[in-house]
Amino acid sequence: MHKRQQGISLVGLIVVLAALGFVLMLGLKIVPTYMEYRAIKNAIATAKATGGGVIEIQKSFDASATAGYISSISSRDLIIEKNNGETDISFAYEKKIPLVGPASLLLEYEGTTAKSGATPAKTE
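A quick note: this is a predicted structure, and the numbers were derived from the prediction, not measured.

*Asks:* Tell me about the nonpolar core, and please be specific about residues and values.
*Replies:* Within the largest apolar cluster, 17 residues are counted, with the highest numbers of intra-cluster contacts made by Ile40, Phe61, Ile73, Leu78, Phe91 and Tyr93. For this core, the secondary-structure elements that each account for two or more residues are α1 (10-50), α2 (54-67), β2 (86-98) and β3 (104-112). In terms of residue count, the dominant contributor to this core is α1 (five residues). If sequence neighbours within four positions are ignored, Leu78 has contacts with Ile44, Phe61, Ile73, Ile89, Ser90 and Phe91.

*Asks:* Explain the side chain of Ser90 to me, using residue names and the numbers behind them.
*Replies:* For Ser90, the position within the fold is in strand β2. The class of Ser90 is buried, set by a relative accessible area of 6%. A distance of 2.8 Å separates a polar atom in the side chain of Ser90 from a polar atom in the side chain of Thr112.

*Asks:* Quick rundown of the UniProt feature "transmembrane region" (unreviewed entry) in the chain? Include the residues and the values.
*Replies:* Here, UniProt's "transmembrane region" (unreviewed entry) annotation points to residues 6-28. Along residues 6-28 one finds 83% helix and 0% strand; the C-alpha atoms at either end are 34 Å apart.

*Asks:* Break down the packing of α1 against α2 for me, with residues and values.
*Replies:* Following both chains from N to C, one finds α1 and α2 inclined at 140 degrees, their axes separated by 8 Å at the closest point. Along this stretch, α1 crosses α2, giving a crossing that reads as right-handed. Of the residues in α2, those in contact with Ile40, Ala43, Ile44, Thr46, Ala47 and Thr50 of α1 are Ile57, Ser60, Phe61 and Ser64.

*Asks:* Give a description of the environment of Ile40 that names residues and reports values.
*Replies:* Position of Ile40 among the secondary structure elements: in helix α1. Its relative accessible area of 0% is what places Ile40 among the buried residues. Sequence separation between Ile40 and Thr87 is 47 residues; the distance between their C-alpha atoms is 17 Å. Setting aside residues up to four positions removed in sequence, Ile40 forms contacts with Phe61, Ile70, Ile73, Phe91 and Tyr93.

*Asks:* Kindly report on the packing of aromatic side chains, identifying the contributing residues and their values.
*Replies:* For the structure on display, the rule yields five aromatic pairs. Ring centres of Tyr93 and Tyr109 lie 5.4 Å apart, and the angle between their planes is 40 degrees; on these two criteria the pair is classed as tilted. Of the two residues, Tyr93 is situated in strand β2 and Tyr109 in strand β3; the sequence distance between them amounts to 16 residues.

*Asks:* A description of the pairing of β2 should follow, citing residues and the corresponding values.
*Replies:* Relative to β2, strand β1 (residues 79-83) is paired through five bridges, and the arrangement is antiparallel. Within β2, the position partnered with Asn83 by the bridge is Glu86. Counting the residues in the hairpin turn of β1 and β2 gives two residues, including Asn84, whose phi is positive at 55 degrees. Pairing between β2 and β3: nine bridges, direction antiparallel.

*Asks:* Lay out the pattern of salt bridges with the relevant residues and their values.
*Replies:* If you walk through the whole model with that rule in mind, you get four salt bridges. Across the pair Lys95 and Glu36 runs a salt bridge, and its minimum N-O distance is 3.9 Å. Pair noted here: Lys95 is in strand β2 and Glu36 is in helix α1, with a separation of 59 residues, a long-range link. According to the relative accessible area criterion, Lys95 is partly exposed, its value standing at 25%. Of the residues examined, Glu36 reaches a relative accessible area of 10% and is grouped as buried. The salt bridge partner of Lys48 is Glu86, with a shortest N-O separation of 2.7 Å. Taken together, the residues span a long stretch of sequence, with Lys48 in helix α1 and Glu86 in strand β2 at a distance of 38 residues.

Conventions used here
Residues numbered from 1 in each chain as written. Predicted model: local features only at pLDDT ≥ 70, side-chain atom pairs only at ≥ 80, totals over all residues. Heavy atoms only, no water. Core = buried A, V, L, I, M, F, W, Y, C linked by side-chain atoms within 4.5 Å. Buried < 20%, exposed > 50% of the residue type's maximum accessible area, 1.4 Å probe, protein only. Helix = DSSP H or I, 4+ residues; strand = E, 2+ residues; numbered from the N terminus. Contact = heavy atoms within 4.5 Å. Polar contact = N/O pair within 3.5 Å; in protein donor to acceptor, adjacent residues only side chain to side chain. UniProt positions renumbered as here; feature names shortened; annotations may be inferred. Axes fitted to C-alpha atoms, helices over the stretch in contact; angles between N-to-C directions. Left-handed = near helix turned anticlockwise from the far one by under 90°. Phe/Tyr/Trp six-rings, centres within 6.5 Å; stacked < 30°, edge-to-face > 60°. Pairing = 2+ DSSP bridges. Salt bridge = Lys/Arg side-chain N within 4 Å of Asp/Glu carboxyl O.

Here's what the structure looks like:
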């Protein structure tokens, strides 16, 4: 009576490890950009809470950007608008992450403080 062997073959193990390595590599490259995006969202919320005019909002954002190591956008990239007497701050930017050779990953981030959640039209 022959007993059937169970388990994973060496080739199967190599394929699984390669796939896990690729997913880990993507995660290690994407997580810092997402953390910066969250820092930008927090910075625009803080800037909106400070109130004041455009200059005060930009100064508040710049202070938060320095403290939060934000380098993808600056206060000049913010879209600051008055809607129904309330100041709304929006942003949109792209982050290109090189992967292997000519392959890269393009992430599009956008956010706003508007209650409607409508993000700005992209300016190219």
